[in-house]
Amino acid sequence: MLALHGTGVSQGISMGKAYVLRRGQADISQYRIPRQLLEQEVQRFEQAVDTARTQLRRIRTRIPADAPPETASLIDTHLLMLNDDMICRAPLAVIREQQCNADWALKLQRDDLGGRFARMEDPYLRAKRIDVEQVIDLVLHNLVEPRGANQDIGSGSQILVANDLTPADAVMLTRMRMKAFVTDVGGPISHTAILARSLGIPAIVSLHSATAFLRTGDHLVVDGDRGVLIAGSHEGITSEYRRRRHALVRMRRELAKLRGARAVTRDRQPITLLANIELPADLKVAARVGASGIGLYRTEYLFMNRQDPPSEEEQYRTYARVVKAFADRPVTIRTLDLAADRQVDGASVGPGTTNPALGLRAVRLCLRDMSLFRPQLRAILRASAHGKARIMIPMLSSLEELFHVLALIEDTKRTLAREGKRFNRRITIGGMIEVPAAAVCADLFAAHLDFLSIGTNDLIQYTLAIDRLDDSVSYLYDPLHPSVLRLIEGVIDAARAARIPVAMCGEMAGDPHYTRLLLGMGLTEFSMHPSMLPQIKNIVRHSELARLRRSARKIMRAGDSALLRRLVDKINENPLSAG
Ligand code: PEP
Ligand code: MG
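Below is a short write-up of the structure. (Residues numbered from 1 in each chain as written. Chains lettered and ligands numbered in written order. Predicted model: local features only at pLDDT ≥ 70, side-chain atom pairs only at ≥ 80, totals over all residues. Heavy atoms only, no water.)

1. Focus: the coordination of the magnesium ion (ligand 2)
Then, number 1: Within the first shell, the magnesium ion (ligand 2) binds the protein through E434 (OE) and D458 (OD), at distances of 2.0 to 2.1 Å. Here D458 lies in helix α20 (residues 456-463) and E434 lies in the loop between β13 (428-433) and α18 (436-440), a separation of 24 residues in the sequence.
Then, number 2: Judged by relative accessible area, which is 2%, E434 ranks as buried.
Then, number 3: You can call D458 buried: its relative accessible area is 3%. (Donors = N, O, S within 2.8 Å, 3.2 Å for Na, K, Ca; no water. Helix = DSSP H or I, 4+ residues; strand = E, 2+ residues; numbered from the N terminus. Buried < 20%, exposed > 50% of the residue type's maximum accessible area, 1.4 Å probe, protein only.)

Okay, here's the thing in C-alpha cells:
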C-alpha cells in the first residue's frame, strides 16, 4: 500500500482503477541515424504529426454539448500551433542536419521554443509556452508510444493519473465521465482544479510523483477532501472510505434541501453567501445552490488558451450573459488578474521575473497595458446596463493606483456616453484587499470605494512571505496566523467605520473550519466556490452570532497559536445537522 499527499482541489471520495496517462517528457535519448535511413526517420516524424492532427480533430468533433464554449477554441489553438512551421517543419531540418532521431530533434525544438517563450516580455505571450509544450508533447508521445495513449482511455469507471492535463484531456474527461483525477503538478486554481470542481468529481493536484509510482490498473482511493491518494487495496481502509463516501452522499443530499432556506444565524442575523465563478458555465451551479449573487468573477479565464485576447464585443457579450442570468443579484466582475493565474497554471517565467507574484500582475499589468484594460472596462460598463454588475479591482497596493483606475473608469464612462452606449452611471466599484499594504491602510481605500473584498489567498501569501505555488513552504500557509487574523479584523473594522460592505472571496471564505470564527469577527458576506455554499449555509444556520463574537474576541487575544487553534476547534465543536 502507498499513500501520497497533495492538495485536494475538489471534494469527495472516489475508488477505482487507475489509468496512468504518460506522454511527452519520457526519457528521450539521442541516437545517430544512418544516412540511408534519414528519410524514413523524417517520415516517422511526419506520421506522428499527422496522428496528433487526427487526434485533436477527433476530440474537436466529440466536444459534448454541455462543455464550456471555450473548449472548442482551446483545441483550435492547439491545431493551429501544430500546423506552425516551428513545430511541424523545423525538426525535419534538425533530423537531416544532425542525423539524429526524430524524438531528439523535437525535444531540441521543444527546449528552444520553451526558452524563447520564457524570455518574452509580454506575460500573455509568455504564458503561451504551456500550450506550445502541450502540442509538442502530443507529437512526442506519438513518436515514443505510437499507439497514442489518448485513445486508450476505456471506461468512465477509471481514475485518471497524469502529470498535468491539457485542454484536450479536459474534453475527453468530460466525455468519458472519469470518476476522479489526480496530477503531479498544478495549483488550487489551475485549469485542472477548476475543471474538477465544475465536473463535481474528486481531484488532487500537486502529488509530485503519482505518475512515477502508479501503474494503470492499480486500485486507488482518492480523498479529495484531505488531498490523500491511497494505492493498493486493504480491506480495512477500503471499507472505512466506503463508509465515509456514503456519509458524504447522504450529507450532500440533505444539504441540497437547503437551497431555498435563508442564510440566517440562530439569532436572526442575515448573512450574504455569494459565489466565485471562473467561467460562465459555473453559473449553473451558482444558481442551483441559491447564491445571493456573484462575489468574484475571475475574468482572466476568458483570456486564456487562445491566440488573441477577447475583443470588447466578446467580453461584453460574455459579461452581459452572466449579469442577465443573475438579473436582480449583484455580479462582481473582477478586472483582469492574468499574470498571476498563468503562474498558478505552472507557466515558468523568464529572466527578469524572479518573483512573479510580486511582479507586473493584476491591476499593475492593466495600468501598464491599456490595450487590455480599456476594452475590459468598456465591456463591463456596457454589461452593467443589463443588471447589477459591479467592478472589482484586484491587487491594489497604493492609493495612486486606485485613483488612476477611478479616473480611467470616469473617462470610459464619458466616452461611452458620447457614443450613446448604455451603461449604469452609478456602477458600484470595489477593491480587493489582498496586499498587506492595502489591509493596513484599508480605511484609506474604503474612503474612495463602494465595497471591499478580502482576497485571503494572496493576503496570506504576502503576509507570511510564502509563495502560494511553492509546495516546499506550503506548511507555513496558515489562515489562523495571528498576523492574518489581525489584518482581516482591521479590514472588517475599516469597512464598518466607512459604512461600506466588506466581503471575503479567498478560499478561507469557503472553508467550513473558519466560518464561525469569521462570523464572530463581524464578517457578513462570504464568497466561495458554489459547491461549498450549502455547507457554509448550514453552519451559518446553526450559529449564534452573539456567542461567536465573544469567542472571536478571545481567539484574537490568544497569541499562542496552539491555544488559538484549540479555541477555534472549540467553536466548531457543537454538532451540525442539515436543516
Ligand atoms: C485571493 O487572492 O484570495 C483571490 C480571491 O484572488 P485569486 O485567488 O484569484 O488570486
Ligand atoms: Mg488574489
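2. A few points about helix α16 (residues 370-383)
Then, number 1: Its 14 residues place the ends of α16 19 Å apart at the C-alpha level, agreeing with the 20 Å of an ideal helix rising 1.5 Å per residue.
Then, number 2: The buried fraction of α16 amounts to 10 of the 14 residues, a majority that puts the element mostly inside the structure.
Then, number 3: Considering only its buried residues, α16 is in contact with α13 (312-325), β11 (331-334), α15 (362-368), β12 (389-393) and α17 (399-418). (Expected span 1.5 Å × (residues − 1). Contact = heavy atoms within 4.5 Å.)

3. Looking at the packing of helix α24 (residues 545-557) against helix α25 (residues 561-571)
Then, number 1: Two elements in contact, α24 and α25, have axes separated by 9 Å at closest approach and are oriented at 170 degrees. Considered as vectors, α24 and α25 are oriented roughly antiparallel to each other. Of the residues in α25, those touching α24 at L548, S551, K554 and I555 are L564, L567, V568 and I571.
Then, number 2: Residues of the contact of α24 with α25, tallied by class, amount to six nonpolar, one polar and one charged. (Axes fitted to C-alpha atoms, helices over the stretch in contact; angles between N-to-C directions. Parallel < 35°, antiparallel > 145°, perpendicular 65-115°, else oblique. Nonpolar A, V, L, I, M, F, W, Y, C, P; charged D, E, K, R; others polar.)

4. Focus on the sheet that holds strand β14 (residues 451-454)
Then, number 1: Here we have eight strands rolled up into a closed barrel, ordered β9-β10-β11-β12-β13-β14-β15-β16, and parallel in their pairing. On average, each strand axis in the sheet is tilted by 25 degrees relative to the strand beside it, whichever way the strands run.
Then, number 2: Pairing between β13 and β14: four bridges, direction parallel. By the bridge assignment, I433 is partnered in β14 with I454.
Then, number 3: Contacts from helix α21 (residues 482-498) reach β13, β14 and β15 (502-504) within the one sheet, and its direction differs from that of β14 by about 170 degrees.
Then, number 4: Across the sheet, helix α23 (residues 533-541) lies against β9 (272-277) and β16 (525-528), angled at about 165 degrees from β9, the strand it touches most. (Pairing = 2+ DSSP bridges.)

5. A closer look at the pattern of salt bridges
Then, number 1: According to the stated counting rule, one finds 27 salt bridges in the structure shown.
Then, number 2: Linking R244 and D223 is a salt bridge whose minimum nitrogen-to-oxygen distance equals 3.1 Å. Taken together, the positions of R244 in helix α11 (residues 235-256) and D223 in strand β7 (residues 219-223) put the pair 21 residues apart, joining distant regions of the chain. D223 matches R244 in its accessibility class, with the two residues each being buried. (Salt bridge = Lys/Arg side-chain N within 4 Å of Asp/Glu carboxyl O.)

6. Here we look at the sheet that holds strand β2 (residues 7-10)
Then, number 1: Here eight strands make up an open sheet; going across it, the order is β1-β8-β7-β3-β4-β5-β6-β2 and the pairing mixed. Single-partner strands in this sheet number two, and they are β1 (2-5) and β2. On average, each strand axis in the sheet is inclined to that of its neighbour by 30 degrees, with strand direction left out of account.
Then, number 2: Where β1 lies against strand β8 (residues 228-231), four bridges are found, and the strand directions are antiparallel. When the bridges of β8 are listed, L2 appears paired with A231.

7. Observations concerning the side chain of T515
Then, number 1: In this fold, T515 is placed in helix α22 (residues 512-520).
Then, number 2: Its relative accessible area of 1% is what places T515 among the buried residues.
Then, number 3: Among the polar contacts made by the side chain of T515, one reaches the main-chain carbonyl oxygen of P512 at a distance of 3.4 Å.
Then, number 4: Setting aside chain neighbours within four positions, we find T515 in contact with F526, I536, I539 and V540. (Polar contact = N/O pair within 3.5 Å; in protein donor to acceptor, adjacent residues only side chain to side chain.)

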